[in-house]
Amino acid sequence: MPGEHVFRVRSLYRRILQLHRVLPPDLKSLGDQYVKDEFRRHKAVGSEEAQRFLQEWEVYAAVLWQQANESRQQSTEKACFGIALPEEKLNDFRDEQIGQLQELMQEATKPNRQFSITESTKPK
């Protein structure tokens, strides 16, 4: 049983990181780091919380896979990733999770400065 669980976790982790390759570079970077942190943070949780954690990430992977396929089919339109979080799910979150969600939202909506290009000036 523990071997199956480890295989399921690793497979899901790899699948999510592979799906992130379709995201714009700034969202890919943010998403990859968030996934790594969350999987690391949930390494030692109880079995009930681990099951819920995996189910939520499996839903995320399925939604992202569907949106990536739609994005490929509609290549002329700007890709749109993500879904609205239903209020009933938000009500189930602990205060710590609400804080993480707030930080993630702030990071995701920040102006993209990571890839700004400035003119280089040569010394005279």
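Before any of the text, the structure's been laid out above.
Presented here is an overview of the structure given in this document. (Residues numbered from 1 in each chain as written. Predicted model: local features only at pLDDT ≥ 70, side-chain atom pairs only at ≥ 80, totals over all residues. Heavy atoms only, no water.)

## Describing the side chain of Glu-38
This is how the line gets drawn: Strands here mean DSSP runs of E at least two residues long; helices mean DSSP runs of H or I at least four residues long; both are numbered from the N terminus. A 1.4 Å probe rolled over the protein chains alone gives each residue an accessible area, and that area as a share of the maximum for its type sets the label: buried under 20%, exposed over 50%, partly exposed in between. Contact definition: two residues touch when any of their heavy atoms are within 4.5 Å.
With respect to the secondary-structure elements, Glu-38 resides in helix H2 (residues 25-41). The buried category is assigned to Glu-38, whose relative accessible area is 6%. The contact partners of Glu-38, leaving out residues within four places of it in the chain, are Phe-53, Trp-57 and Gln-100.

## Notes on the layout of surface pockets
Selection criterion: Both cavities and pockets are sets of points on a 1 Å grid over the protein atoms alone; in a cavity a 1.4 Å probe fits but cannot get out, in a pocket the set is open with protein on both sides within 12 Å along at least five of seven lines, and lining residues sit with an atom within 4 Å of a point. Grid points are joined across faces, edges and corners, and a volume is the space filled by probe spheres set on the points. Gly counts as polar in this scheme, as do all residues outside two lists: the nonpolar Ala, Val, Leu, Ile, Met, Phe, Trp, Tyr, Cys and Pro, and the charged Asp, Glu, Lys and Arg.
What the largest pocket holds in volume is close to 1600 Å³. Together, 39 residues line the largest pocket, and Tyr-34, Tyr-60, Leu-85, Leu-101 and Leu-104 are the ones closest to its centre. Within the residue set of the lining of the largest pocket, elements represented by two or more residues are H2, helix H3 (47-73), helix H4 (87-92) and helix H5 (95-108). With ten residues, H3 is the largest single contributor of residues to the lining of the largest pocket. For the lining of the largest pocket, the per-class residue count stands at 22 nonpolar, eight polar and nine charged.

## As for the nonpolar core
Rules: As used here, the term nonpolar core means buried Ala, Val, Leu, Ile, Met, Phe, Trp, Tyr and Cys residues forming a set that is joined through side-chain atoms within 4.5 Å.
Of all hydrophobic cores here, the largest spans twelve residues; its members are Leu-12, Ile-16, Leu-17, Leu-19, Leu-23, Val-35, Phe-39, Phe-53, Leu-54, Trp-57, Ala-61 and Leu-64. Elements supplying a minimum of two residues to this core: helix H1 (2-19), H2 and H3. Considering each element in turn, this core owes the most residues, five residues, to H3. Once residues lying within four places of it in the same chain are set aside, the contact partners of Leu-54 are His-5, Arg-8, Val-9 and Leu-12.

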